[in-house]
Every structure is written in C-alpha cells, then in structure tokens.
Amino acid sequence: MNLLVTGAGGQVGRELAEFSRSAGDGVTAADHAMLDVTDRDAVRELFLSARPEVVVHAASWTAVDACESDPERAGLVNGAATANVAEASRAIGAHLIHLSTDYVFDGTKSIPYVETDAPNPVSVYGKSKLEGERALDVSSHTIVRISWVCGRYGNNMVKTLMRLAADGVDPKFVDDQIGHPTIVSDLVPMLHRLASERRPGLFHVTNQGVVSWYEFARATFAAAGHDPERVSPISTSELDPPRPAPRPANSVLDNAALRAAAMPLLPDFRESLSRLVRDLAP
C-alpha cells in the first residue's frame, strides 16, 4: 500500500515507516521538518501530492508536563492538527489511523478501561488528545490508544532507566500508578495490519502485563543486568517536586476490541522488554 506517516521522526512513526518499507509499501515519512501538522494548507498540499491510501497520524506533543503549562499549544498540536489531518485524508479518500493515549481517562476506575468507557481526562495533555479523537468518526476512521510507549527511537522510560542504572543511580519510582507498557516493535505490526485492512473503530493496543512504574523500573534494571533491588518505591504524593500534570492512577487499557475482532493481542511486555534492552545496549 501507499502509506503516509506523520510524526515520522518519533518513537512510533519512525519504526512504522521502517517496518512498512521492509514490507514493500510505498512510504511518505513526514517528520516535523517535512510537515507542520498545525498548518492546514501544508497538510492538504502534501496529502494531495503524495496521494496515500492510508495515513497514520503519529505526530503529537507528548510532553505531558509541558502541555500543562501551555494548553493553547497542546490544543493546537494534539487537537486542531488532528482535524487538519482528518480533513485532508477525507479529501483524497485515504483511510486514517490516529494514535491516542490512556491519558483520556481519569484513572479512578478499579478495573481496566475498555474502549466503550467514557473518557474524562484530568490533564491538559489528555484533554488535547481527546479533542483530537473527537475530530474523527470511528465508523470510518481508526483510533488506536496506546500507553507507556517505549521503543528504539526518541526518549522513553526504558532509555532513562538504562542510563540511571549505568550511572550508578538508585532511583525511586511510584508504585501507585499502574498501566500496560507498549513496546513499539510489537505495536508496529498491529498498526500495519490495521492499515492494510482499513479496519475502522476504536482499539486499545498495548502489551499485556499490568505493572506499576516501580515494578516496570525493576524489570528494566533486571533485563539490563542490574540489581532490581536498587529501585525503591515511592508514592505519587511523595514526589518532590510534584509533577505539574496529574497522572491517572489506573492507566490499564483492556484490549477488548481486539479480542472482539478475533485479532491477536500483543505479548506480555516482559517478553519484549529484554529484546528492547538488548537493542538499546551500547
């Protein structure tokens, strides 16, 4: 297929572009230098030129705390820009896949969130991503919510933890925020399948394995050959200084829509974490 990927310089976009090229697809990898998704005319011009059959909109401003202090920019990049991409996709008849987030939920539910649960974001970032979702029609578009994303490119928690371990730092991580990690190398094949099938709807696509940030940090230390006992637990209320943006305490996304569609779930994150650590090792 002929695919256009926005945010192609980021964690997900870059690996997806690589995977799609290896699968024989024609790929327009639009990083920020090529395309400012907040520029409606630029988006339309590129889409009319490239004429993709499928667009994967991976461009996003994911700096959660920075979003909290600049809601206008967050709304522009994560909300209005998604409307630009949706409009341009419709103009050329391209199927659109939009990447969203667990932060559209408030985290107060006692069990995992399914796709039909009502969003109620508590942070500016989450509100801006929900604004992007609402620019789409899930009867014809695809929304994929992901969480705790870690891959070979960009900045992520696995890279941070490996650096802390190598530098001899014994970190503290919160044990009262839980979620599902999403390893990009597992996510990308599913995105590619959804793209090739032009399958509309709302999907939670994460690795399996509920874990706290504290437990995830210990697992990463262990995978990198360091003593996990070096990681200590701390509560969110004990963070000093506190984070500007509130985080959902329960960030677990149940992949109910994938199961209903008889599509395979991504493996337990522990199976892929060791591989990612090996790929990132110097």
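Calculation rules
- Residues numbered from 1 in each chain as written.
- Predicted model: local features only at pLDDT ≥ 70, side-chain atom pairs only at ≥ 80, totals over all residues.
- Heavy atoms only, no water.
- Helix = DSSP H or I, 4+ residues; strand = E, 2+ residues; numbered from the N terminus.
- Buried < 20%, exposed > 50% of the residue type's maximum accessible area, 1.4 Å probe, protein only.
- Areas by Shrake-Rupley, 256 points an atom, 1.4 Å probe, with all protein chains shown as cover.
- Lys, Arg positive; Asp, Glu negative; His and termini not counted.
- Charge placed at Lys NZ, Arg CZ, Asp CG, Glu CD.
- Axes fitted to C-alpha atoms, helices over the stretch in contact; angles between N-to-C directions.
- Parallel < 35°, antiparallel > 145°, perpendicular 65-115°, else oblique.
- Left-handed = near helix turned anticlockwise from the far one by under 90°.
- Contact = heavy atoms within 4.5 Å.
- Nonpolar A, V, L, I, M, F, W, Y, C, P; charged D, E, K, R; others polar.
- Salt bridge = Lys/Arg side-chain N within 4 Å of Asp/Glu carboxyl O.
- Polar contact = N/O pair within 3.5 Å; in protein donor to acceptor, adjacent residues only side chain to side chain.
- Core = buried A, V, L, I, M, F, W, Y, C linked by side-chain atoms within 4.5 Å.
- Pairing = 2+ DSSP bridges.
- Patch = residues over 30% accessible without salt bridge, like charges linked within 9 Å, V, L, I, M, F, W, Y side chains within 5 Å.

1. So, the overall build of the protein chain
Here is step 1 of the chain: Broken down by element type, the protein chain carries 10 helices and 13 strands.
Here is step 2 of the chain: The C-alpha extent of the protein chain, read off along each of the three principal axes, is 55 × 40 × 35 Å.
Here is step 3 of the chain: Expressed as a percentage of its 282 residues, the buried residues of the protein chain come to 53%.
Here is step 4 of the chain: For the protein chain, the accessible area works out to roughly 12000 Å², and carbon and sulfur atoms hold 49% of it.
Here is step 5 of the chain: With 27 positive and 36 negative side-chain charges, the protein chain shows a spacing of 3 Å between the two charge centroids.

2. Considering the packing of helix α8 (residues 213-223) against helix α10 (residues 269-280)
Here is step 1 of the chain: For the pair α8 and α10, the least separation of the axes is 9 Å and the interaxial angle reads 50°. The pairing of α8 with α10 is recorded here as oblique in orientation. Viewed along their axes, α8 and α10 form a crossing whose handedness is right-handed. Two secondary-structure elements touch here, α8 through F216, A219, T220 and A223 and α10 through F269, L273, S274 and V277.
Here is step 2 of the chain: Of the residues that constitute the contact of α8 with α10, the class distribution is six nonpolar, two polar and no charged.

3. Looking at the side chain of D25
Here is step 1 of the chain: Relative to the elements of secondary structure, D25 occurs in the loop between α1 (11-22) and β2 (26-30).
Here is step 2 of the chain: Of the side chains with opposite charge, R198 comes closest to the buried, unpaired D25, at an N-O distance of 7.9 Å.
Here is step 3 of the chain: In this structure the side chain of D25 is engaged in a polar contact, spanning 3.0 Å, whose partner is the backbone nitrogen of M1.
Here is step 4 of the chain: At 2.5 Å, the side chain of D25 forms a polar contact with the side chain of H192.
Here is step 5 of the chain: Excluding residues within four positions of it along the chain, D25 makes contact with M1, S20 and H192.

4. Some details on the side chain of H95
Here is step 1 of the chain: Take H95: it is sitting in strand β4 (residues 95-101).
Here is step 2 of the chain: Judged by its relative accessible area of 9%, H95 falls in the buried class.
Here is step 3 of the chain: Apart from the residues lying within four places of it in its own chain, the contact partners of H95 are E53, V54, V55, S140, H141, T142, R198, R199 and P200.

5. Some words on the nonpolar core
Here is step 1 of the chain: Counting residues in each nonpolar core, the largest one holds 27 residues, and the members touching the most others are I97, V144, L191 and V205.
Here is step 2 of the chain: Residue contributions to this core peak at seven residues, all from helix α7 (residues 184-197).
Here is step 3 of the chain: Setting aside residues no more than four positions away along its own chain, V205 makes contact with V144, R145, I146, T182, L187, M190, N255, L258 and L266.
Here is step 4 of the chain: Formed by 23 residues, the second largest nonpolar core is a distinct cluster that contains L164, A217, I234 and L276.

6. Some remarks on the sheet that holds strand β8 (residues 178-179)
Here is step 1 of the chain: Spatially, three strands are ordered β11-β8-β13 in an open sheet, and the strand pairing comes out mixed. Edge positions in the open sheet fall to β11 (211-212) and β13 (250-251), since each of these has one partner strand only.
Here is step 2 of the chain: Here two bridges tie β8 to β11, and the two strands are oriented antiparallel to one another. Looking at the pairing, G179 lines up with V211 of β11.

7. Topic: a negative patch on the surface
Here is step 1 of the chain: A cluster of acidic residues, D36, D39, D41 and E45, forms a negative patch on the protein surface.
Here is step 2 of the chain: For E45, the location among the structural elements is in helix α2 (residues 40-50).

8. Description of the packing of α2 against helix α4 (residues 71-92)
Here is step 1 of the chain: In contact at an axis separation of 9 Å, α2 and α4 are set at 30° when each is read in the N-to-C sense. Here α4 runs roughly parallel to α2, going by the angle between their axes. Of the two elements, α2 crosses α4, and the hand of that crossing is right-handed. Counting all contacts with α2, which are made through R40, V43, R44, F47 and L48, the residues of α4 involved are N84, V85, E87, A88, S89, A91 and I92.
Here is step 2 of the chain: Residues that form the contact of α2 with α4 fall into these classes: seven nonpolar, two polar and three charged.

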